[in-house]
Amino acid sequence: MIMSKVSVNLVTWNGERYVLDCLKALFNQTYKDYSLLIIDNFSTDNTVEVIKEKYPHIKIVEHRENHGFAKAHNQAVHWTKSDYVLMLNQDIILESRFIEKLANFMDGHPQAGAVTGKLMSWQNKQKTNYIDSAGLAIYKNHRIVDLGSGEMDNGQFDKDQEIFGVSGAAPMYRRQALEDVVENGQFFDEDFWMYKEDIDLAYRLRWRGWQSWRMPKAIAFHDRSVSGPAANLTDRQVASNRKQKPKFANFHSYRNHRYLLLKNVPKLNWRIRLYEIKKFLYILFAEQGSLRAIKEIRHNKKKFLDKKKYIMDRKKVEFAEIEKWFV
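No experiment lies behind these values; they were computed from the predicted model shown.

What counts, and at which threshold
- Residues numbered from 1 in each chain as written.
- Predicted model: local features only at pLDDT ≥ 70, side-chain atom pairs only at ≥ 80, totals over all residues.
- Heavy atoms only, no water.
- 1 Å grid on protein atoms, 1.4 Å probe; cavity = no way out; pocket = protein on both sides within 12 Å on 5 of 7 lines; lining within 4 Å.
- Points joined across faces, edges and corners; volume = space filled by probe spheres on them.
- Nonpolar A, V, L, I, M, F, W, Y, C, P; charged D, E, K, R; others polar.
- Salt bridge = Lys/Arg side-chain N within 4 Å of Asp/Glu carboxyl O.
- Helix = DSSP H or I, 4+ residues; strand = E, 2+ residues; numbered from the N terminus.
- Buried < 20%, exposed > 50% of the residue type's maximum accessible area, 1.4 Å probe, protein only.
- Phe/Tyr/Trp six-rings, centres within 6.5 Å; stacked < 30°, edge-to-face > 60°.

(A) Spatial organisation of the layout of surface pockets. Approximately 280 Å³ is the volume found for the second largest pocket. Arg258, Leu261, Leu262, Leu268 and Ile297 are the residues nearest the centre of the second largest pocket, which is lined by 14 residues in total. Residues belonging to the lining of the second largest pocket are distributed by class as follows: 7 nonpolar, no polar and 7 charged.

Okay, here's the thing in structure tokens:
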């Protein structure tokens, strides 16, 4: 059991081109009361080898299969002990005071279950002035976007602000909050495997009355392998954006969004229904590879309705309180 004020949990998979930059930035942090746990999800490149060569003292948990983002991070939370948990993507570069800023914020805001910094875009190993994510926003039709994604940073997100939820790229969670929303030993829902498990967790934190915040003085840079959804896109632009993504990403994104609705939304409003019909028609005619998600959704429907019952039985707020975050 690793004990510290902050546990930094880094899950890697085929991140050879990123991981040394990520670790260099981590070791340059002004905040020192943290521990590091690396879990490798069966990389087939030289991720593990380059870490061992550069940092032979670092212990790496090496899986013999890819367990997915959710399960690996769940293991890391269970295997550490700390007040706060920083879940780190391998393609993240932290500015030197990132952990210090977020940990100090959490110390002063006991109702904050999660906090994010301002994530900027890191392209071709160059820091840019474009925003990657300033937190998660949710529309009335339940399209979820990264605030500011793709926008030039002109200071529009430079105030500490409560938000619906935080992106899973570099979030800091209060361990007490994670333990409050745990389901069958899982903090992230492992049925999601990857994609949108951070949104599900944001929802569950809201149901239990925890807050999520953006603390923009904590800055990090993210080379997003699959671009996140941006705000203010038309349906045609959303469809065009999907065509640029890998098939596995579109499949998991579509399936997991339906899981999210089954699990967290008491009743689907007309906006959600219309948006889901549009997505289904698009997939039916333009993305047939994602149709197999329908079979999985039907097969797992009862399981997710049981999860919803568990959430509803333990909720501390009514849905009207969560609806205040819909834009």
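(B) Spotlight on the pattern of salt bridges. The tally for this structure, following the rule as stated, stands at 25 salt bridges. The partner of Lys52 in a salt bridge is Glu62, with the nearest N and O atoms 2.7 Å apart. Here Glu62 lies in strand β4 (residues 60-62) and Lys52 lies in helix α2 (residues 47-54), a separation of 10 residues in the sequence. Overall, Lys52 belongs to the partly exposed group, its relative accessible area being 40%. Residue Glu62 is classed as partly exposed on the basis of its relative accessible area, which comes to 43%.

(C) Spotlight on the packing of aromatic side chains. One pass over the full model with this rule turns up 12 aromatic pairs. Ring plane angle 70 degrees and centroid distance 4.9 Å describe the contact between Phe27 and Tyr55, whose orientation is recorded as edge-to-face. Residue Phe27 is found in helix α1 (residues 19-27), and its partner Tyr55 is found in the loop between α2 and β4; the two are separated by 28 residues along the sequence. Using a relative accessible area of 29% as the deciding quantity, one classes Phe27 as partly exposed. For Tyr55, a relative accessible area of 11% puts it in the buried group. Measuring from centroid to centroid gives 4.0 Å for Tyr259 and Phe304, while their planes differ by 15 degrees, and the two rings are stacked.

It is worth stressing that arrangement in space is one thing and function is another; only the former is reported here.
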